[in-house]
Amino acid sequence: ASGKGGVGKSTVAVNLAATISKKYKVGLLDLDIYGPSLPMLVGINAQPQMNEDKKLIPIEKYNMRLMSFGFINAQNAPTIWRGTMVARMTQQFFENVEWGNLDFLILDLPPGTGDIQLTLVQKLALTGAIIITTPQNLALLDVKKSADMFNKVNAPLLGVIENMTHFMC
């Protein structure tokens, strides 16, 4: 998670999931409905299939089960939805995706502390959150907001990753 966009949440999520998938059964769910990046990061342009129970079957690559709104919205059209629609889609990813038996489900959240984050913490018992940031003061202010949100909903903060710390233009 992060309070801010562009800090590398998706890249960290993919790399974390790929590393864990070397020993465990891992799913990776891209919950950024407005700006899904998982399809691009893993090089997949396919739509998921449905099983006989009308559940989506995650796309498998790199020994991971993957799901993203970007796989469903194949035209890459803008998503112009109100919060209730986003919350409903988020819930659908947990109820109507055939994840199978996983050891870990890594969630790549959109920036902020809005509808998707609230839907998650109301519906699921999260093991914990990792917050991604960059070293700028503005990004660090947003980290505090994200950490406060997870604290208020009793989701343990597992750590903070300061990404691009040594980046030089």
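The sections below set out a description of the structure shown in this document. (Residues numbered from 1 in each chain as written. Predicted model: local features only at pLDDT ≥ 70, side-chain atom pairs only at ≥ 80, totals over all residues. Heavy atoms only, no water.)

This part takes up the overall build of the chain. Helix and strand counts for the chain come out as six helices and six strands. Reading the chain from its N end, one meets helices and strands in the order α-β-α-β-β-α-α-β-α-β-α-β. C-alpha extents for the chain along the principal axes are approximately 50 × 35 × 30 Å. Partitioning the intrachain contacts of the chain with sequence separation of at least 6 by distance along the chain shows that 74% fall at a separation of at least 24. On the chain, roughly 9,900 Å² of surface is accessible, and the fraction owed to carbon and sulfur atoms is 54%. If the 15 positive side-chain charges of the chain are averaged to one point and the 13 negative ones to another, these points end up 2 Å apart. (Helix = DSSP H or I, 4+ residues; strand = E, 2+ residues; numbered from the N terminus. Contact = heavy atoms within 4.5 Å. Areas by Shrake-Rupley, 256 points an atom, 1.4 Å probe, with all protein chains shown as cover. Lys, Arg positive; Asp, Glu negative; His and termini not counted. Charge placed at Lys NZ, Arg CZ, Asp CG, Glu CD.)

Attention now goes to the nonpolar core. Core analysis: the biggest nonpolar cluster contains 37 residues, and Leu 28, Leu 31, Leu 66, Met 67, Phe 93, Leu 109 and Phe 150 have the highest contact counts within it. With four residues, helix 1 (residues 9-20) is the single largest residue contributor to this core. Setting aside chain neighbours within four positions, we find Leu 109 in contact with Ala 1, Lys 9, Leu 31, Ile 116, Gln 117, Leu 120 and Phe 150. (Core = buried A, V, L, I, M, F, W, Y, C linked by side-chain atoms within 4.5 Å. Buried < 20%, exposed > 50% of the residue type's maximum accessible area, 1.4 Å probe, protein only.)

Within the structure shown, the criterion is met by three salt bridges. Between Arg 65 and Glu 60 there is a salt bridge; the shortest N-O distance is 3.8 Å. The class of Glu 60 is exposed, set by a relative accessible area of 57%. The salt bridge involving Lys 145 is made with Asp 142; its shortest N-O contact spans 3.7 Å. A residue pair is termed a helical-turn pair when its members lie 3 or 4 positions apart in one helix, as Lys 145 and Asp 142 do in helix 6 (residues 137-152) at three residues. Among the residues examined, Lys 145 registers a relative accessible area of 55% and is labelled exposed. Here Asp 142 falls in the buried class, since its relative accessible area comes to 14%. (Salt bridge = Lys/Arg side-chain N within 4 Å of Asp/Glu carboxyl O.)

So, about the side chain of Thr 90. You can see Thr 90 is positioned in helix 4 (residues 83-95). What Thr 90 contacts, discounting residues up to four positions off in sequence, is Leu 31, Ile 116 and Thr 119.

Below, the discussion takes up the sheet that holds strand 3 (residues 64-68). Sheet strands line up and pair through hydrogen bonds in the backbone, either parallel or antiparallel. Taken together, the four strands give an open sheet; going across it, the order is 2-3-1-4, and neighbouring strands pair in mixed fashion. Unpaired on one side and paired on the other, strand 2 (59-61) and strand 4 (104-108) mark the two borders of the sheet. Sheet twist, expressed as the average angle between the axes of neighbouring strands with direction ignored, equals 25°. For strand 1 (residues 26-30) and strand 4, the ladder comprises five bridges, and the chain directions are parallel. Note on strand 4: the bridge partner recorded for Asp 30 is Asp 108. Of the strands in this sheet, strand 1, strand 3 and strand 4 are in contact with helix 1, which crosses strand 4 at around 170°. (Pairing = 2+ DSSP bridges. Axes fitted to C-alpha atoms, helices over the stretch in contact; angles between N-to-C directions.)

Attention now goes to the packing of aromatic side chains. One pass over the structure, following the stated rule, counts one aromatic pair. Taking 5.3 Å as the distance between ring centres and 80° as the angle between the ring planes, the aromatic pair formed by Tyr 24 and Phe 104 counts as edge-to-face. Here Phe 104 lies in strand 4 and Tyr 24 lies in the loop between helix 1 and strand 1, a separation of 80 residues in the sequence. Under the relative-accessibility criterion, Tyr 24 is labelled partly exposed at 42%. (Phe/Tyr/Trp six-rings, centres within 6.5 Å; stacked < 30°, edge-to-face > 60°.)

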